[in-house]
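# Report on the structure
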Amino acid sequence: MAVSSSFSTCMLYGRSFGLEQVNSSEDYMCNYSGLHSRVSFCSRSFSVSSDLRRSRLVQNSRLSDGIQCRALEIENKPSTSLGMKFELDDVIEAQQFDRDILSAIFEVAREMEKIEKNSRGSQILKGFLMATLFYEPSTRTRLSFESAMKRLGGEVLTTENAKEFSSAAKGETLEDTIRTVEGYSDIIVMRHFESGAARRAAATAGIPVINAGDGPGQHPTQALLDVYTIEREIGKLDGITVALVGDLANGRTVRSLVYLLAKYRNPKIYFVSPDVVKMKEDIKDYLTSKGVEWEESADLMEVASKCDVVYQTRIQRERFGERVDLYEEARGKYIVDRDVLNVMQKHAVVMHPLPRLDEITVEVDSDPRAAYFRQAKNGLYIRMALLKLLLVGW
């Protein structure tokens, strides 16, 4: 284990030097106890690196061989050293991630892209089994997770439409289903129609659980691939302007995306939606508490002209129940078409979590700013990265 900037000053044979004078690539070693919190003794050789969040001087030791070390109590950043355990046990909500972990996951995703393109037959996850439990329909999420697992050498146990074609149809509780399935697999990827179901599953399971969407709650892996896509397409994440368009009341993708965008510096978020599906107050309150600028607008054309990203979503018929009248009121009000493209900036992109209905016209597909199919492909790399991290570590 590297000692993360674990010495403020050292005396080596009578010569004092500071950390900035130590080349952290030199192969020193450190012998000490209390590996995770305190350096209590230092021998002749030691290691210095600079991934420190906070430190506090706790001890001053002079040794007979001429080395004096002032040891520090340390708090490490999340380690991404090869073979180290991933910081998260499950992926349930976007609030779990900080900027450091996001950057590290994106780096792994870039490595996964190389594997997918150049190293067919990877065996990183050989011997591992992934169970997919999908209580709601899915194409991209389920297939990309299954593809991710197989491309890394793992195997898949799957049930599609588990609401009808599993023991849930007989009245089995989610908790009993999870306890059973964890006996057959090493990781569970679950989509459910109830908000909060993924958290219940994670609290029950003794193996990792990934939330692949829980009703109108969250979709954290979609948010991860969305932010990854924005970084790749726009070239930055700080100071970006994003328009979230469509069904913002029921859209779990936009809720999760907002939580991640708020972790970056000076974003500006526009909410453009019909009145019946406006963004909920809890998200607006969260952004305000984080000092993130946001604005509601009814003018898609004006907003699109200002944004780096226009993130369109479909109006979700399945969330309206019997209120077909409200669905019809909301549907078709905001459509991204050639006219919207004409007012967008040249570097800006159109994104969509898919599937789409008529909220993006097909004429948009041929424009290089249409990023939604590239966005879907990025989901493979993010999910390969998450499976690798949760099962074998960094």
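Rules used throughout
- Residues numbered from 1 in each chain as written.
- Predicted model: local features only at pLDDT ≥ 70, side-chain atom pairs only at ≥ 80, totals over all residues.
- Heavy atoms only, no water.
- Helix = DSSP H or I, 4+ residues; strand = E, 2+ residues; numbered from the N terminus.
- Buried < 20%, exposed > 50% of the residue type's maximum accessible area, 1.4 Å probe, protein only.
- pLDDT = per-residue confidence, 0-100.
- Contact = heavy atoms within 4.5 Å.
- Pairing = 2+ DSSP bridges.
- Axes fitted to C-alpha atoms, helices over the stretch in contact; angles between N-to-C directions.
- Expected span 1.5 Å × (residues − 1).

### Quick word on the environment of Glu-194
Along the chain, Glu-194 falls in the loop between strand 7 (187–192) and helix 5 (197–204). Using a relative accessible area of 35% as the deciding quantity, one classes Glu-194 as partly exposed. Considering only alpha carbons, one finds Glu-194 and Asp-214, 20 residues apart in sequence, at a separation of 5.5 Å.

### A closer look at the confidence of the model for the chain
Per-residue confidence for the chain gives a mean pLDDT of 81, with 74% of residues at or over 70. Low confidence marks residues 1–79, where pLDDT is under 50. Its contacts with residues over four positions away, or in another chain, come to 157 contacts.

### Quick notes on the sheet that holds strand 11 (residues 293–297)
Judged by pairing direction, the sheet is parallel, and its five strands sit side by side in the order 11-10-9-12-13 without closing on themselves. The two strands at the open ends of the sheet, each matched to only one other strand, are strand 11 and strand 13 (349–351). Along the sheet, successive strands turn relative to each other by an average axial angle of 20°, direction set aside. For strand 12 (residues 309–312) and strand 13, the ladder comprises three bridges, and the chain directions are parallel. For Val-310, the partnering residue across the bridge sits in strand 13 and is Val-350. Helix 7 (residues 252–261) contacts strand 9 (241–245), strand 10 (268–272) and strand 12 of the sheet and is inclined by roughly 165° relative to strand 9.

### Quick word on helix 2 (residues 140–151)
Because an α-helix packs 3.6 residues into every turn, residues spaced three or four apart end up facing the same way. Taking 1.5 Å of rise per residue, the twelve residues of helix 2 would be expected to cover 16 Å, and the 16 Å separating its terminal C-alpha atoms lies within 8% of that figure. Among the residues of helix 2, Thr-141, Arg-142, Ser-144, Phe-145, Glu-146, Ala-148 and Met-149 are the ones counted as buried. Buried positions along helix 2 lie against strand 5 (129–134), strand 6 (155–159), strand 7, strand 8 (209–214), helix 6 (220–234) and helix 12 (372–392). Phi turns positive one or two residues past the end of helix 2, at Gly-153, with a value near 90°.

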